[in-house]
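Okay, here's what each chain looks like letter by letter:
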Amino acid sequence: MCRQFDIDTLFDDYLATLINAANKGIFGILFDKPWNQSTDLPKLIYRVENWNEAIDTFEDIKRKFPSP
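Remember, it's a predicted structure, so these values are computed and weren't measured experimentally.

S.K.: Mind laying out the packing of aromatic side chains, listing which residues take part and the relevant values?
M.R.: For the coordinates displayed, the defined rule picks out five aromatic pairs. Between Phe-11 and Trp-51, the ring centres sit 5.7 Å apart and the planes meet at 20°, which makes this aromatic pair stacked. Highlighted residues: Phe-11 in strand β1 (residues 9–12) and Trp-51 in helix α2 (residues 51–64), separated in sequence by 40 residues. Judged by relative accessible area, which is 53%, Trp-51 ranks as exposed. Look at Phe-11 and Phe-58: their rings are 5.7 Å apart centre to centre, the planes differ by 45°, and that puts the pair in the tilted class. Taken together, the positions of Phe-11 in strand β1 and Phe-58 in helix α2 put the pair 47 residues apart, joining distant regions of the chain. A relative accessible area of 31% means that Phe-11 is categorised as partly exposed. Taken together through their ring pairs, the aromatic side chains of Phe-11, Phe-31, Trp-51 and Phe-58 make up a single cluster.

The following block contains the structure:
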């Protein structure tokens, strides 16, 4: 569905959703919560503490990986 709507980054606190998206080449911004702890995140998933950090991370992703 993300590809259908041209979504290249997801924000979520549920790790399984972001792992599924990362396996399809979609970036994930993971809000740090007790239920999503893992030390081994896929390279497309970035852990953040709050919305300010999420926005900064999103902007960094867009700078490093601009859309064609």
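S.K.: Can you break down the environment of Ile-26 residue by residue, with the values?
M.R.: Relative to the helices and strands, Ile-26 is located in the loop between α1 (15–22) and β2 (27–31). Ile-26 gets classed as buried once you look at its relative accessible area, which sits at 3%. A C-alpha to C-alpha distance of 8.7 Å links Ile-26 and Arg-3, two positions 23 residues apart in sequence. Once residues lying within four places of it in the same chain are set aside, the contact partners of Ile-26 are Cys-2, Arg-3, Ile-7, Asp-8, Thr-9, Leu-10, Ala-21 and Leu-44.

Reading the values: the criteria
Residues numbered from 1 in each chain as written. Predicted model: local features only at pLDDT ≥ 70, side-chain atom pairs only at ≥ 80, totals over all residues. Heavy atoms only, no water. Phe/Tyr/Trp six-rings, centres within 6.5 Å; stacked < 30°, edge-to-face > 60°. Helix = DSSP H or I, 4+ residues; strand = E, 2+ residues; numbered from the N terminus. Buried < 20%, exposed > 50% of the residue type's maximum accessible area, 1.4 Å probe, protein only. Contact = heavy atoms within 4.5 Å.

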